[in-house]
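Examining the three-dimensional arrangement
For reference, the chains in residue letters:
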Amino acid sequence: KLYLPFVGEQPVASVGDQSVQGTSVSAISINSASESQLDSLPGIGPVTAGKIITNRPYSSVGELLSKKSVTSSVYDKIKDLVTL
């Protein structure tokens with residue numbers, strides 16, 4: 001999902017470690033993120049976000065696969081965008 005600001009809207013400053021086309025993106029915590037934050041990840045919708053939340057807590061990002069919260073193709077898309 002992409003956020004496009006309205007004309008004249010001031011961009012919200014965020015702190016992050018990954019730059020995506022000039023914007024800063026923070027890693028999302030799989031142990032504390034809200035459903036809407038998880039839903040913002042590529043390949044994650046409301047159902048998958050619910051699975052991630054239901055299977056908490058995680059001791060490693062790889063547990064998303066072992067707990068069958070996401071498929072391997074989705075995991076490949078989000079593994080660098082999430083943290084504990």
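Residues numbered from 1 in each chain as written. Predicted model: local features only at pLDDT ≥ 70, side-chain atom pairs only at ≥ 80, totals over all residues. Heavy atoms only, no water.

**Here we look at the overall build of the chain**
Across its full length, the chain holds 4 helices and 4 strands. Mapped from its N terminus to its C terminus, the chain presents α and β elements in the order β-β-β-α-α-α-α-β. A total of 84 residues make up the chain; the buried ones form 26% of that total. Look at the contacts in the chain between residues 6 or more apart in sequence, and 40% of them connect residues 24 or more apart. Of the roughly 5,700 Å² of accessible surface on the chain, a fraction of 58% belongs to carbon and sulfur atoms. (Helix = DSSP H or I, 4+ residues; strand = E, 2+ residues; numbered from the N terminus. Buried < 20%, exposed > 50% of the residue type's maximum accessible area, 1.4 Å probe, protein only. Contact = heavy atoms within 4.5 Å. Areas by Shrake-Rupley, 256 points an atom, 1.4 Å probe, with all protein chains shown as cover.)

**Considerations on the environment of Ser40**
Looking at the secondary structure, you find Ser40 in the loop between α1 (35–39) and α2 (46–54). In this structure, the C-alpha to C-alpha distance between Ser40 and Ile28, residues 12 residues apart in sequence, is 9.6 Å. Within the local environment of Ser40, its side chain forms a polar contact with the backbone oxygen of Gln37, the two atoms lying 2.5 Å apart. (Polar contact = N/O pair within 3.5 Å; in protein donor to acceptor, adjacent residues only side chain to side chain.)

**Some thoughts on unusual backbone geometry**
Residues Arg56 and Pro57 are joined by a peptide bond in cis, for which omega reads 0 degrees. Along the chain, Pro57 turns up in the loop between α2 and α3 (63–66).

**Let's talk about the packing of aromatic side chains**
Scanning all chains against the criterion turns up 0 aromatic pairs. Directly above the ring of Tyr58 sits Lys67, whose terminal nitrogen or CZ lies 4.9 Å from the centroid. (Phe/Tyr/Trp six-rings, centres within 6.5 Å; stacked < 30°, edge-to-face > 60°. Lys NZ or Arg CZ within 6 Å of the ring centre and 35° of its normal.)

**Looking at α2**
Within the sequence span of α2, burial applies to Thr48, Ala49 and Ile52. Seen from one end, α2 has its buried residues packed into an arc of 105 degrees, which puts them on one side. For α2, exposure combined with an orientation more than 90 degrees from the buried face picks out Pro46, Val47 and Thr54. The elements touched by buried residues of α2 are α1 and α3. (Arc of directions from axis to C-beta.)

**With respect to the pattern of salt bridges**
Overall, the coordinates contain 1 salt bridge when judged by the stated rule. The salt bridge involving Lys67 is made with Glu63; its shortest N-O contact spans 3.7 Å. Given the relative accessible area of 18%, Glu63 is considered buried. (Salt bridge = Lys/Arg side-chain N within 4 Å of Asp/Glu carboxyl O.)

Geometry only, nothing functional implied.
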